[in-house]
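One letter stands for each residue in the lines below.
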Amino acid sequence: MASLPVSSASTLSPARGAALIAGACGLVSALVILAVVGNLPVAAGFLATALVIAGALLLFRRLFPAGRADAAEPDWSVARALAASSPEAVAITDRAGRLVCANDRYETLFAGFPTPPALPVDEAGISDLGAAGRTAWRDGAASVGRLLARGMPLRAEIERAGADDDLLVWRFRGVEALDLATTVEGVIGGPTGDRLAAAGIMAALIGPDGRIRAANRVLRARAMGHEEGAVAGRDFARFLITDSHGLVRFEREGLTGSPLRVLQVPFLDGDDAPMLVVMLDEEGGASEPAIGASASAHVRSLVSLMPFGMALVDRDGRFLQMNDAFARAAQVDAGSPPLYPGDLLVKEDKGVVADAIRRFANGATHSTDLAVRLKDHPDEPVALSIAGARGLGDAAVLLSLKDNSEETRLKREVAQATKMQAVGQLAGGVAHDFNNILTAIIGHCDLMLMRHSPGDSDYDDIQQIRANSNRAASLTRQLLAFSRQQTLVPQVLQLPDVISEVSQLLKRLLGETVTLTVKHGRNLGPVRADPGQLEQVVVNLAVNARDAMLAKDPRGGGTLSIQTMAVTAVDVRRMGSDILPIADYIALEVADTGGGIPVEILPKIFEPFFTTKEVGKGTGLGLSTVYGIVKQSGGYIFADNRDQGAVFTIYLPVHTAPQPAKAATPAKSRDKPTDLWGTGTILLVEDEDMVRAVAERALARQGYTVLTAENGEVALDLLARNERPDLLISDVVMPVMDGPTMVRQVRSRYPDLPILFMSGYAEEQLRKSIDLDNVSFLAKPFSVQQLAEAARDVLAAK
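Being a predicted model, the structure only gives us computed values, none of them experimental.

What counts, and where the lines are drawn
Residues numbered from 1 in each chain as written. Predicted model: local features only at pLDDT ≥ 70, side-chain atom pairs only at ≥ 80, totals over all residues. Heavy atoms only, no water. Core = buried A, V, L, I, M, F, W, Y, C linked by side-chain atoms within 4.5 Å. Buried < 20%, exposed > 50% of the residue type's maximum accessible area, 1.4 Å probe, protein only. Helix = DSSP H or I, 4+ residues; strand = E, 2+ residues; numbered from the N terminus. Contact = heavy atoms within 4.5 Å. Pairing = 2+ DSSP bridges. Axes fitted to C-alpha atoms, helices over the stretch in contact; angles between N-to-C directions.

Asks: Would you take a moment to explain the nonpolar core for this structure?
Replies: In globular proteins that are soluble, nonpolar side chains generally tend to be buried together. Formed by 40 residues in total, the largest nonpolar core has its most connected members in Leu560 and Phe648. Top element by residues in this core is helix H15 (residues 531–552). It accounts for eight residues. In this structure Leu560 touches Leu510, Val514, Thr515, Leu516, Thr517, Ala542, Ala545, Met549, Val590, Ala591 and Asp592, once residues within four positions along its chain are discounted. Counting residues in hydrophobic clusters, the runner-up holds 25 residues, among them Leu345, Val372, Leu374 and Ile386.

Asks: For this particular structure, what's the right way to read the sheet that holds strand E28 (residues 755–759)?
Replies: Working definition: the strands of a sheet are paired by backbone hydrogen bonds and lie parallel or antiparallel to each other. Taken in spatial order, the five strands of this open sheet run E26-E25-E27-E28-E29, and their pairing is parallel. Each having just a single partner strand, strand E26 (705–709) and strand E29 (775–779) make up the two edges of the open sheet. Between one strand axis and the next, the sheet turns by 20 degrees as a mean value, whatever way the strands run. In this fold helix H18 (residues 689–701) packs onto strand E25 (681–685), E26 and strand E27 (727–731), with an angle of close to 165 degrees to the strand it touches most, E26.

Asks: Mind showing me how you'd approach the sheet that holds strand E19 (residues 514–520) here?
Replies: Taken in spatial order, the five strands line up as E19-E21-E22-E24-E23 in an open sheet, and their pairing is mixed. Here the strands that pair on one side only, and so sit at the sheet edges, are E19 and strand E23 (636–642). For this sheet, the mean inter-axis angle between neighbouring strands, taken without regard to orientation, is 15 degrees. Helix H14 (residues 495–510) contacts E19, strand E21 (558–567), strand E22 (585–591) and strand E24 (645–653) of the sheet and is inclined by roughly 175 degrees relative to E19. Where H15 meets the sheet, it contacts E19, E21, E22 and E24, and its direction lies at approximately 145 degrees from that of E21.

Asks: I tried to follow the pairing of E23 on my own but got confused; where do I start?
Replies: A regular strand places its side chains so that they alternate between the two faces of the sheet. Here seven bridges tie E23 to E24, and the two strands are oriented antiparallel to one another. Bridging across to E24, Asp640 finds its partner in Val647. In this structure, the hairpin formed by E23 and E24 is closed by a connection of two residues, where Asp643 is found at a positive phi of approximately 55 degrees.

Asks: I keep staring at the pairing of E24 and nothing clicks. Help me out?
Replies: By the criterion of burial, E24 is predominantly enclosed, with eight of the nine residues buried. Pairing of E22 with E24 involves seven bridges; the strand directions are antiparallel. For Ala591, the partnering residue across the bridge sits in E24 and is Val647.

It is worth stressing that arrangement in space is one thing and function is another; only the former is reported here.
Here it is, written out as structure tokens:
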């Protein structure tokens, strides 16, 4: 950690200096008056006044000794210790723009101690750093998303600091390229570099400016004559000379020294990226251009030690060697290694790679990067770098392959989560609009049934329309379950109790040929969920398992296992899951002995309308409903294959909140009156014309006076022109002005007005945006009787 000099404080404080000046001026004035005027009292008065001022200044200094002007220079030892341990490059500047402190990583990254924002970055980066610095002085913090420093992308974060907010702390964080360069730098300068040195391999990491960033022991010894000398930051070219035959030697050894073979490995993209340089002794001198067996072995040792994927290919395009990192990235089968690079690729990419290898084997310079697809994973392109290899004997081409399996997995998970969220929003919107249509259909059916008796010829047709509408309403509930927008009634319960309630139903659903086994673990804590919805989860998973076992063996047979168990936070930490937060859970496992889930469709099984069944034999909403219920209950669900069958594991968090004390059992309440007739005025606000028309007719038939409005603004106008209504029934989501906004304005005029909200969305979702007290909720679709009962109950409770 470097601590750079700053201007030191003056030894004479301003307060003490002012006191001395005031005293001196008073003495001189008194002497002049005494000499010229000869008036002793006036002279004594001047002197006394000056002494009083001087004393006041000295007293002020004693009371406030920590004045800024005479403050001591800050002690940077603590900042130095903290910044030295940071993996980031850290620098501190003052108000004057001077660099007062920087750590060693800052010096290494920027090859010295340049003062921000004048750093060795691209021109746009300097401008961005300057603007960010000004923003940090003003707002306290700022950042620059991307800088290019010596070929490496960086992110800068600037923060105002100091007791008087008079310092700026600059932090520079690298991304993958910087991490890889740092890794290679550590490999060369560490024990691995010593092992290369023992094998006679000289290695160095050269920056884009030609200066050495790291070198192993044997290179330092050959270039400088001793192993312990500091070589970082020195010009690499100054250590080398070239003779008339083009042979390279160390300048210290002269023309009589051993010729060198120089291999450049561009392991990072960009013209400003650092370069790995490897040098070997040319054992045969100028007369033998090919390297010997010993040097070839050194090169193979170097390739095997590299932390990134590398492979050597001969002039005929055959593999000579590949290191472990390359084999992992290419997913090579150790039992049957490939002969040619094209053996790893899909058919369409083989020709392009073969042409590139042939071109570089015949003397092409520089390097090229290709996006290729591995035959085992054709949907995930990988980056393949190809470069010509000079002076490596049989090896003519150098291949580098990046292992991006983890990055690909994370991208796939993010894409899947984004897709599921988008589909969920779409499903919720479709269900909401469909619920409005179903409300109108069911309402008109109810109104028509009031005019037809069971013996009427149209009665059965109307009942059939109503039954089909209710069936469609169950589909919308499944869509809302997937989008986590259905109405739940959560309770604190035990999972074994839920399984026990549904076991008899499961035995009937599974049939005689499927064996049901249930096993419960010990020390199971309570969970908070809707018991009815949890039963639906178990039923849906059981029906799916039954169909899978029947598909495997149409004659039947198989076992469905349901198991509950406690999973502690320690168990979750041991699992190392990136998705499951560390907490205590109760796990519900449903496993079958069917054929399992094909790997290619495993990521899609929770999507709505996705099904592997024949047309007409499934809606594809069973597992999507399960997914939505589990997620809305705060849990997690995973699907996998085990023992030739599928297993679904659900994790529900243990409910730890204290349960409220049970209230005294109230006296048995009287049954609700069956008479739905009512009186009074109801203001009905609904933007859907068909729903508004049905609701108006239904309420009018029950004896209410109904005022209707198509949106919130029209409703406020009606309230201004009419007397106070007895009840306000309103949709929640409406254009122009939504229901909650309108109700807030109504409540400012009528604080005790009863409110009944109706919506096709879930009550739980709407409660988050409805910060109103004493409001009731009616879920769409509803029947005429349900609307009349809801209105009666709200009016009776006021």
